[in-house]
Amino acid sequence: AAADGLGSIAIDTTQLNMSVTDPTAWATAMNNLGMVPVGLAGQQLVTDSICVPGFDPSLSMMTGITPINPMIPGMGLVPPPPPTDVPVVKEIIHCKSCTLFPPNPNLPPPSTRERPPGCKTVFVGGLPENSTEEIIQEVFEQCGDITAIRKSKKNFCHIRFAEEFMVDKAIYLSGYRMRLGSSTDKKDSGRLHVDFAQARDDFYEWECKQRMLAREERHRRKMEEDRLRPPSPPAIMHYSEHEAALLAEKLKDDSKFSEAITVLLTWIERGEVNRRSANQFYSMVQSANSHVRRLMNEKAAHEQEMEQAKETFKNALTGILTQFEQIVAVFNASTRQKAWDHFSKAQRKNIDIWRKHSEELRNAHSEQLMGIRREEEMEMSDDDSGDNPSKKLRVDDSALAAQAYALKEENDSLRWQLDAYRNEVELLKQEKGQLFRTEESLTKDQQLQFLQQTMQGMQQQLLSIQEELNNKKSELEQAKEEQTHTQAMLKVLQEQLKSAKELAEINGHDESQANEINVLTVALVNQDREKNSEKRSPGLKSEKEALLIGIISTFLHVHPFGANIEYLWSYMQQLDSRISASEIEMLLMRLPRMFKQEFTGVGATLEKRWKFCAFEGIKTI
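Residues numbered from 1 in each chain as written. Predicted model: local features only at pLDDT ≥ 70, side-chain atom pairs only at ≥ 80, totals over all residues. Heavy atoms only, no water.

1. So, the sheet that holds strand E3 (residues 121-125)
By definition, the strands of a sheet pair up through backbone hydrogen bonds, in either a parallel or an antiparallel sense.
Here is step 1 of the chain: With antiparallel pairing, 4 strands are arranged side by side in an open sheet as E4-E5-E3-E8. Of all strands in the sheet, those bounded by a partner on one side alone are strand E4 (146-151) and strand E8 (193-196). Each strand axis lies, on average, 20° off the axis of its neighbour in the sheet, ignoring direction.
Here is step 2 of the chain: Direction of pairing for E3 relative to E8: antiparallel, over a ladder of 4 bridges. Counterpart to Val122 in the pairing with E8 is Phe196.
Here is step 3 of the chain: Helix-sheet contacts for helix H4 (residues 133-140) involve E3, E4, strand E5 (156-161) and E8, and the interaxial angle to E4 is about 140°. (Pairing = 2+ DSSP bridges. Helix = DSSP H or I, 4+ residues; strand = E, 2+ residues; numbered from the N terminus. Axes fitted to C-alpha atoms, helices over the stretch in contact; angles between N-to-C directions. Contact = heavy atoms within 4.5 Å.)

2. Quick notes on the sheet that holds strand E6 (residues 177-180)
Here is step 1 of the chain: Taken together, the 4 strands give an open sheet; going across it, the order is E1-E2-E6-E7, and neighbouring strands pair in antiparallel fashion. Each edge of the open sheet is held by one strand with a lone partner, namely strand E1 (93-94) and strand E7 (189-191).
Here is step 2 of the chain: As paired strands, E6 and E7 are joined by 3 bridges and run antiparallel to one another. Across the sheet, the residue bridging to Arg177 is Arg191, located in E7.

3. Thoughts on the packing of helix H15 (residues 543-557) against helix H17 (residues 581-590)
Here is step 1 of the chain: Packing of H15 against H17 brings their axes to within 11 Å, and their N-to-C directions diverge by 85°. With respect to H17, the element H15 is oriented roughly perpendicular. Taken together, the residues of H17 that come into contact with H15 (itself represented by Lys544, Glu545, Leu548, Ile549 and Ile552) are Glu583, Ile584, Leu587, Leu588 and Arg590.
Here is step 2 of the chain: Class assignment for the residues of the contact of H15 with H17 results in 6 nonpolar, no polar and 4 charged. (Parallel < 35°, antiparallel > 145°, perpendicular 65-115°, else oblique. Nonpolar A, V, L, I, M, F, W, Y, C, P; charged D, E, K, R; others polar.)

4. Section: the pairing of E3
Here is step 1 of the chain: With 4 of 5 residues buried, E3 is to be regarded as a mostly interior element.
Here is step 2 of the chain: Of the pairings in the sheet, the one linking E3 to E5 comprises 5 bridges and is antiparallel in character. Along E5, the bridge assignment pairs Phe123 with His158. (Buried < 20%, exposed > 50% of the residue type's maximum accessible area, 1.4 Å probe, protein only.)

5. Notes on the pairing of E5
Here is step 1 of the chain: As defined by bridge partners, E4 adjoins E5 across 5 bridges and the pair is classed as antiparallel. Opposite Arg150, over in E5, you have His158 as the bridge partner.
Here is step 2 of the chain: Joining the antiparallel neighbours E4 and E5 is a turn of 4 residues, in which Asn155 adopts a positive phi near 65°.

6. Quick word on the packing of H15 against helix H16 (residues 565-575)
Here is step 1 of the chain: The geometry of H15 relative to H16 is characterised by a closest axis approach of 11 Å and an angle of 125° between their N-to-C directions. Taken together, the axes of H15 and H16 lie oblique to each other. Regarding H15 and H16, the two cross each other, and that crossing is right-handed. When H15 is examined against H16, the residues Leu548, Ile551, Ile552 and Phe555 are found in contact with a partner set consisting of Tyr567, Leu568, Tyr571, Met572 and Leu575. (Left-handed = near helix turned anticlockwise from the far one by under 90°.)

7. Things to note about unusual backbone geometry
Here is step 1 of the chain: One non-glycine residue with positive phi stands out, namely Asn155, at about 65°.
Here is step 2 of the chain: Position of Asn155 among the secondary structure elements: in the loop between E4 and E5.
Here is step 3 of the chain: Here Asn155 falls in the partly exposed class, since its relative accessible area comes to 23%.

8. Some words on the pattern of salt bridges
Here is step 1 of the chain: Across all of its chains, the model carries 23 salt bridges by this definition.
Here is step 2 of the chain: Note that Arg355 is salt-bridged to Asp352, the shortest N-O span being 2.8 Å. Linking Arg355 with Asp352, this pair stays in helix H12 (residues 345-387), spanning 3 residues, or about one helical turn.
Here is step 3 of the chain: Among the charged side chains, a network of salt bridges with common partners joins Lys120, Arg160, Asp202 and Glu205. (Salt bridge = Lys/Arg side-chain N within 4 Å of Asp/Glu carboxyl O.)

None of the figures reported here should be taken as evidence of function without further support.
Structure follows, in C-alpha cells:
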C-alpha cells in the first residue's frame, strides 16, 4: 500500500520553488521524494492561520469587522484555487498513529453527493479494520473541532464538526490511502472516502439559523418602513371651554394659525357646536375670517416681488443680449477681407464655428426676450381693453403669416392622422364583427348540442322510469290478487277446520285424526298455491334473494320438522338486521316447490311451520 501511494505521486521540478529557511517546505519536499523527515513528530493538514484554537467569534462584533469565511479563496487564509488545467498535487500527511498517502493526481477527483443545507457531518468510508476512534479523531481533528464521532463495525463512521467550513477541509482527505503505523497488513490499511452526510441535527440548526435571519430581515424591513412612513397627524384634543379659550388665542397668532384652524374644523365636523357654545365658536370663526386680509396682503407682496424679479431678469437678459450682439459684431468684423486674409486656415475655421455658435445663442436669447415683452404687451392690452374696448392689438404681419403657416401645416398633419385612424377603426370593426359572429355561431352550436344531449338523457330517464312504474304496477296487482286469494283460502280453511272439529267431537275422533285433516287441508292449499304461483310467480330479482334462499334452505334442511316464521326471522336477523319477517314470508310463498307450509297442533297450540321440500319437488318437475 505504501508503494502504491508513493508511486502515484508525480514530482515536478518546477514546483520545488521554496524558501530555504522554511522547515515545513523542506519536510514536504523530503516526503515527496520518499525520504522520512528526521524528528518530524506530526504535520498539520492546514496552517495555524486557519485552525486557530483560541479564536473568539465575538471578536468581529467588538471590533466592527465583518466576519470572513476562511474558506473563501483570495482572503489570505486559504490560497486561491489553482487553474483547472493544472492537477492539484496532494502531499503525504504524517500523524502519530498513521500515515496518509495521497491519491494519483492523474485520476479524476472523487465524487460527492449534493451538499445538504447546513451540513456539518461527513461520512468517512474505507477505514482500516483495526482503526479506532482515537486514530480517526487524530486524523480529522486537524480539520477543526469535532463534536461527535459515530463509528460502525463495518469500517465507516460519521463525524460531526462544530462549523460548516470544516467539512470542506475533511472532504480534502477523500481518496487518501490510510496506513496504521508501518504495518503492511491488509487490515491496517484502507482508502478513505469522505462525503457529505445528511443529519437531522444539522438541518434543524440550519432551519433555526434561517428563521433567525428571516426574523432579522423582517425586523429590518419593519424598521425601514417605520422610518420612511410619513408622521401621523397630531391627535386632536376633545372640546372643552378651557381648550376653546386656548384655541381662540392660537387663532390670533399668525405662526400657530394653520394648526389652530385644523382643530377648529375637526370640532365643527364632530358636532361640538350647540346652543351653549355657539357664541364661542362664532368668535373663533370671526378670528379665522380676520386672517383673509392678511393672506391677501401677503399674496400682493409676493406678486410684487415676482414682478421685481421679472424686471431684474429682463434687464439682465437685455445686458446679456447686448454683449452677445457685440461678440457677434466682432466675429463679423473678423470675417471681412481686410482682417480675414491674415488668419490661417485653422484660425478661420475656429472663428467661423465660434461665430455660428454665438449667433445661435444670440437668436435664442433674443426670442426669449421678445417672448417676455410680448407677454407684457398682452397683459397691458388686456388691461387697456377693460378700460377702452375700441383699442386693438397691433401685431407684426410677418409673425401672423408665420403663425398661420404653422397652423396650416398642423391642420394638414392632423387631418392625415384622422384619416389613418378612421381606416384603422373600420378595419378593427370588421375584424371584431367577424370574430363576434364566429364566436356567436360557435356558442350557439355548442348550446344546441348540449341541449340535444340533455333532452336525449331526459327521454331515456323518462323511459326507464315508465318501465319501472309499469313493473311496479304489475307487481302490485299480482300482490293484490295473491292477497285476495290467500284471504279466500284462509276463510275456506277456517270453515273446514270448524266442520272438522265438529265432526271430531261428534264421532269422538282423537287428535291424530284432526292433525291428519289439518295436513290434508294444508296440502290442498299448497297445491293450489303451486298452481297459481306457476302461473304468476316471476323469477329471482336480485342476487340478495338468491343468497337468502340458499341460507333459508340450509337452515330448514337441518330442521326436518320445520320452523315457524319467527324462529327463521330471528336467525336471519343475526346475519342481516335490515331484513323483515314479511319479506322472508313473501319469498317463501313465491317458491312453493322449495318450501311448503304445514299446520301443527290443535286449538290454542295451532302453529304454522315451513319445511324444505326441494328434494321432493324436483322429482315432480
